[in-house]
Amino acid sequence: MSVDLAVRLGPLALRNPIATASGTFGYGLEFEGYVDLGGLGAISVKGLSRRPCHGNPPPRICEVDAGMLNAIGLQNIGIDTFLGERLPLLHAKGATVIANIWGDTEDEYVEVLERIGDDARVAAIELNVSCPNVVKGGMVFGNDPVALAALVKRCRVATKLPLVVKLSPNSGDIVAAARAAVDSGADILSLINTLVGLAIDLERREPKIGFTTGGLSGPAIRPIALRMVWEVRRALPNVPLFGMGGIETVENVLEFLVAGATAVQVGTANFRDPFVSGRLVKELAAWCDRHGVDRVADLVGTLKTRPRPEHTFAKA
Amino acid sequence: MPVNEELRVLKTLSYDATHYSLFVQAGSIGALTRPGHFAMLQAGDGLRPYLRRAFSIADVTTVAGVPALEFVVKVVGVGTAALAHFAEGTPLPVLGPLGVPFPIDDLGRDDRVALVAGGIGLAPLVLLSRVLAARGVTAELFYGGRNEKDVLKRADFERFLGAHRCAYATDDGSLGRKGLVTELLQRELSAGKTYKRLYACGPVPLFRALARIADEADLETSFALESEMACGFGVCLGCVVPARDGRFATVCKEGPCLPHTAIDWSRV
Ligand SMILES: Cc1cc2nc3c(=O)[nH]c(=O)nc-3n(C[C@H](O)[C@H](O)[C@H](O)COP(=O)(O)OP(=O)(O)OC[C@H]3O[C@@H](n4cnc5c(N)ncnc54)[C@H](O)[C@@H]3O)c2cc1C
Ligand SMILES: Cc1cc2nc3c(=O)[nH]c(=O)nc-3n(C[C@H](O)[C@H](O)[C@H](O)COP(=O)(O)O)c2cc1C
Ligand code: FES
């Protein structure tokens, strides 16, 4: 039996639901030899800004139980170098490229979008409005639905490409942020970005990360990410979602699909095992085959939940 | 292109409670390895350690006739502790060789170079010594540790380089000179000796002191740097050091072997 892995997220059609997450897959080309770049659902590249950005001073990362903290500070080569030097190579490999972008102001986001224009080698734009590791950056938008709505409206006008908005798990009400983004023109939502965490070097009584706090990623955040995907799906059942957070195995992928994500992005796991994303594509097909699923899209949002009962008390 | 292989553990040789050598099959990594290269080792598939750990490929050698990679490890936390307990025959995922190795292609029989190690920084200098010796390059080792037990693989260094070219310094004077390893080097430089290049690996304070010495003596250097790494191949951007041009340079991809002049020591 041949399994149909293709999925559609609004205007974005993917050959399969396994994409890679921004900041964990470089500009894609670094994984040549480990992963068939053209065989992935999509590649979301490292967050791009209007000019190259140096990022934060080290130390930028540390391992914690079941994951890591990072405060890279959005170091990147800038949109022009990306478009001029990396995108042509990625395109030649047959990769479906998602340009993850960020700015300190609305104007900066729009400037990046204008440089991309309607370049058909970019399959979609992903607005990072949720990086917790810069003093300004997208976080101001991610934490305030009103600011987010204004930003997304301007970006919607500035690009015709499919527009993904990547939501923060740190904003309190992720459903409110999701609504604001969709009402302002987002085609697709991505969730979640990293959760703000703190790790301490006891001997020095200093934070282990130079930026003090860092974004938590890896298996540690998976249950939270799943819950948020499920919540947003329940509130906005017609909005296609990229789910991510601690995905490592094909079972993890399927959990996200069942919770309501149409596709997933694999992040931190790429560091531990550079082959993992490519392998998950094959394993997903094999799993579906074994379970008699002929269209992977049929699994999306199939979580069966029970009504939540009110609690009862013992009799006095 | 670095290779990812499951290499079987051949032997673990314990020096003391916190230092050991781990020998694994060389696989196809052995032939690709140059002095200064490192590898990322995955210590088990649990959730802690979660990420791979970086280790210099200390030597490409044999164990009972089987081609082997040697890693010399100091136990500092969960990963380095876990790797000590891998039984013979256990397959270990190894990604390597990684990074920019020591520059040595320009060296020949007429050249003299200095090798400076601090503590566990000996690791990348073992293979360097072996290769330089084979080329007939004169290499002098200056190796500092806390005490005699901290100084590892002396026999190998002395075999490759000649015992008279190996000088030691310890904090307590239990081996060699009591004091800092930089004092050994300074003494040679003050006596008018010159070196075509200074290769070094050790803790940040040692690098800092050597950078100062190199500036004063106008010495060319190659430092094998360390940093916490999540990926080891240039994608996480977690391992950076401040570069003199204002950027941050990746230790895993632009390094680990960098000239001291590439680094902005005031921001380290
Ligand atoms: C290119 C390179 C080559 C290296 N070669 C060797 C080698 O040959 N032999 C050897 O023993 N060690 C080497 N190291 C250091 C080694 O990677 C760390 O000691 C190891 O990752 C610590 O893991 P852990 O789980 O035991 O410590 P953890 O429990 O993760 O941390 C314990 C302590 O070590 C510090 N630490 C963690 N990772 C690193 C790191 N990568 N570098 C420096 N400090 C760190 C932490 O900040 C913490 O204070 C090398 C590092 C690099 C980057
Ligand atoms: C080192 C690192 C860098 C990241 N950089 C970015 C980035 O530039 N833009 C972005 O939108 N998300 C970034 N992220 C967040 C990831 O894309 C992803 O949302 C998050 O890590 C959760 O997935 P994971 O647990 O599978 O890693 C980064 C994450 C890590 C660990
Ligand atoms: S360790 Fe990931 S970029 Fe260097």
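Residues numbered from 1 in each chain as written. Chains lettered and ligands numbered in written order. Predicted model: local features only at pLDDT ≥ 70, side-chain atom pairs only at ≥ 80, totals over all residues. Heavy atoms only, no water.

1. A short note on the overall build of chain A
The following threshold applies: We count a stretch as a helix when DSSP gives it H or I for four or more residues in a row; a strand needs E for two or more, and each element gets its number in order from the N terminus. Only heavy atoms matter for contacts: two residues are in contact if any of them lie within 4.5 Å across the pair. Computed by Shrake-Rupley with a 1.4 Å probe, the accessible areas treat only the displayed protein chains as cover when residues are assessed. None of His or the chain ends enter the tally, which takes Lys and Arg as positive and Asp and Glu as negative. By convention, charge coordinates are those of NZ in Lys, CZ in Arg, CG in Asp, or CD in Glu.
Per the secondary structure count, chain A includes nine helices and 16 strands. Once the C-alpha set of chain A is aligned to its principal axes, its extents read approximately 60 × 55 × 40 Å. The long-range share in chain A, meaning contacts at least 24 apart out of those at least 6 apart in sequence, stands at 71%. Of the accessible surface of chain A, which amounts to about 13000 Å², a share of 53% is contributed by carbon and sulfur atoms. Side-chain charges of chain A comprise 33 positive and 34 negative groups, with the mean position of each set lying 3 Å from the other.

2. Section: the side chain of Thr33(B)
All names here are of chain B. To keep things clear, this is the line we draw: Polar contacts, as used here, are pairs of N or O atoms within 3.5 Å; protein pairs need one atom able to donate a hydrogen and one able to accept it. Residues neighboring in sequence count only if both atoms are side-chain atoms.
With respect to the helices and strands, Thr-33 occurs in the loop between α1 (29-32) and β3 (38-41). There is a polar contact of 2.8 Å between the side chain of Thr-33 and the backbone oxygen of Ile-29. With residues up to four places along the chain from it excluded, the contact list for Thr-33 reads Ile-57, Val-60, Pro-97 and Leu-127.

3. Looking at the site of ligand 1
All names here are of chain B. To keep things clear, this is the line we draw: Near is defined per residue: the residue qualifies when any heavy atom it owns lies within 4 Å of the molecule or strand. Each residue receives one of three labels: charged for Asp, Glu, Lys and Arg, nonpolar for Ala, Val, Leu, Ile, Met, Phe, Trp, Tyr, Cys and Pro, and polar for the others, Gly being one of them. Start and end points for every domain follow an automatic or database-based domain assignment.
Taken together, 20 residues surround ligand 1, and among them Ala-54, Val-72, Gly-79, Thr-80 and Ser-227 come closest. Here an oxygen atom of ligand 1 sits 2.5 Å away from a polar atom, N or O, in the side chain of Thr-80. The fraction of the free accessible surface of ligand 1 (850 Å²) that becomes covered by protein chains is 80%. Of all the secondary-structure elements, those providing two or more residues to the shell around ligand 1 are β4 (53-56), β6 (66-74) and α2 (78-83). Top contributing element to the shell around ligand 1 by residue count: β4, with four residues. Split into classes, the residues belonging to the shell around ligand 1 amount to 11 nonpolar, five polar and four charged. Composition of the shell around ligand 1 by domain shows at least three residues from each of domain 1 (3-98) and domain 2 (112-267).

4. A word on the domain arrangement of chain B
Residue and element names in this part refer to chain B. The criterion, for reference: Once two parts are joined, some of their accessible surface, as seen by a 1.4 Å probe, is lost; buried area is that loss totalled over both. Counted as salt bridges are all cases of a side-chain nitrogen of Lys or Arg within 4 Å of a carboxyl oxygen of Asp or Glu.
You can read the domains of chain B as domain 1 (3-98) and domain 2 (112-267). Between domain 1 and domain 2, the C-alpha centre-to-centre distance is 21 Å. Listed by partner, the interface residues are 24 residues for domain 1 and 23 residues for domain 2. Roughly 1900 Å² is buried in total at the junction of domain 1 and domain 2, and carbon and sulfur atoms are behind 67% of that figure. On inspection of domain 1 and its partner domain 2, the count reaches two salt bridges. Note that Glu-70 and Lys-153 form a salt bridge whose closest N and O atoms lie 2.8 Å from each other. Remark: the boundary between domain 1 and domain 2 carries three residue pairs in polar contact (both at pLDDT 80 or more). Residue assignment for the side of domain 1 that touches domain 2 shows that the elements contributing at least two residues are β1 (3-16), β3, β4, β5 (59-63), β6 and β7 (91-98).

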